[in-house]
Amino acid sequence: MDDRPIGVFDSGIGGLTVLRELNRELPGEGTIYLGDTARVPYGIRSPETVTRYAIENTAFLVSKGIKMLVVACNTASAVSLDGIKERFKIPVLGVISPGARAAVKATRNKRVGVIGTEATIKSSAYTKDIRSLDPDIDVRGIPCPLFVPIVEEGLFDDEIARLVARRYLKGFDDSGIDTLVLGCTHYPLLKGVISEVVGPGIVLIDSAIETAREAKRLIQTLGIGANPGAGPLRKYYVTDSPERFKRVGEGFLGREIDDIEKVCVGGF
Ligand code: DGL
């Protein structure tokens, strides 16, 4: 048994979709969430810069005494996971391999689509993971950068979201995919619009849900579950002012964000 919290970081607000699933799957586990709101977005930055940010974020969370790290950000998971694992001794879980595994399980015709930030798609991280599990699967990746601001503006069910989705997802028209990985923290909130545009024949893979399930398995395998007790820790840190994070984040999380603090994560 291990009562220390699980650390979760993201470039900002989006990772709250992963935290929500994690808290749902593991309600007795304490969590500390770090949103790097001062340096968001990560999805347009180089792998070197994202890795530097990811290592600073991890060092901060490790200094808070976490037992395990979940990298909720797809971009950071895509380009920095190895760099984090090399430097820190705690168990580390990213969102790419759980999503990739679920896609491999779901596809019937071995044609999978992936959508994400520019950096995630450019890294081919999902493609590599999927093809390492089944080299016969064809993967097509399309970056959908405008989805991030659309979600943060709360336009989940809006004509703008539909227009942009139609424009981006047109790229899959001739692909014959039967499975689509939502490879960005924000995209689960656009599930309704995306499935309306691609049609009911395409299975949507939510990396946030898959990652939470994988975290549960990992905790059981390592025997590091928390003792049952009332009111596990729900702590939030941000690197810029908390107001916007709280306002937009409560929509992402579906509940109130109380214990929130602004911090500086550089210099670890
Ligand atoms: N959290 C990022 C991701 O999942 C999206 C936002 C950003 O570009 O930082 O890739």
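Structure first, text after, so check above.
Values in this document were obtained by computation on a predicted structure and should not be read as measured data. (Residues numbered from 1 in each chain as written. Predicted model: local features only at pLDDT ≥ 70, side-chain atom pairs only at ≥ 80, totals over all residues. Heavy atoms only, no water.)

Draft legend 1. Representation of the packing of aromatic side chains. This model, assessed by the stated rule, comprises seven aromatic pairs. Centroid distance Tyr33 to Tyr236: 6.3 Å. Interplanar angle 50 degrees. Geometry classified as tilted. Of this pair, Tyr33 sits in strand β2 (residues 31-35) while Tyr236 sits in strand β9 (residues 234-238), placing them 203 residues apart in sequence. For Tyr33, a relative accessible area of 0% translates into the label buried. Tyr236 gets classed as buried once you look at its relative accessible area, which sits at 2%. Ring centres of Phe147 and Tyr168 lie 5.4 Å apart, and the angle between their planes is 90 degrees; on these two criteria the pair is classed as edge-to-face. (Phe/Tyr/Trp six-rings, centres within 6.5 Å; stacked < 30°, edge-to-face > 60°. Helix = DSSP H or I, 4+ residues; strand = E, 2+ residues; numbered from the N terminus. Buried < 20%, exposed > 50% of the residue type's maximum accessible area, 1.4 Å probe, protein only.)

Draft legend 2. Main features of the site of the ligand. Taken together, 13 residues are adjacent to the ligand, and Asp10, Ser11, Tyr42, Gly43 and Thr75 come closest. A distance of 2.6 Å separates an oxygen atom of the ligand from a polar side-chain atom of Ser11. One of the side-chain N or O atoms of Thr75 is found 2.6 Å from an oxygen atom in the ligand. The protein chains hide 98% of the 290 Å² of surface that the ligand would expose on its own. Class assignment of the residues belonging to the shell around the ligand gives a composition of five nonpolar, seven polar and one charged. (Near = heavy atom within 4 Å. Polar contact = N/O pair within 3.5 Å; in protein donor to acceptor, adjacent residues only side chain to side chain. Areas by Shrake-Rupley, 256 points an atom, 1.4 Å probe, with all protein chains shown as cover. Nonpolar A, V, L, I, M, F, W, Y, C, P; charged D, E, K, R; others polar.)

Draft legend 3. Highlighting the packing of helix α4 (residues 96-106) against helix α6 (residues 125-133). The contact between α4 and α6 brings their axes to 9 Å, and the two run at 50 degrees. As summarised for this structure, α4 and α6 are arranged oblique, according to the angle between their axes. When you trace α4 past α6, the crossing you get is right-handed. Note on element contacts: α6 touches α4 through Ala125, Tyr126, Asp129, Ile130 and Leu133, opposite Ile96, Ser97, Gly99, Ala100, Arg101, Ala103 and Val104. Per-class residue counts for the contact of α4 with α6 are eight nonpolar, two polar and two charged. (Axes fitted to C-alpha atoms, helices over the stretch in contact; angles between N-to-C directions. Parallel < 35°, antiparallel > 145°, perpendicular 65-115°, else oblique. Left-handed = near helix turned anticlockwise from the far one by under 90°. Contact = heavy atoms within 4.5 Å.)

Draft legend 4. The sheet that holds strand β5 (residues 111-116), seen in detail. The strand order across the open sheet formed by four strands is β6-β5-β7-β8, and the pairing between neighbours is parallel. Both edges of this open sheet fall to β6 (138-143) and β8 (203-206), since each of them pairs with a single strand only. Put simply, the sheet's adjacent strands are angled 25 degrees from each other on average, direction ignored. Strand direction decides the pairing type here: β5 and β6, joined by six bridges, are parallel. The residue bridging Gly116 from the neighbouring strand is Pro143, located in β6. Packed onto the sheet, α6 meets β5, β6 and β7 (179-183) and runs at close to 165 degrees relative to β6. (Pairing = 2+ DSSP bridges.)

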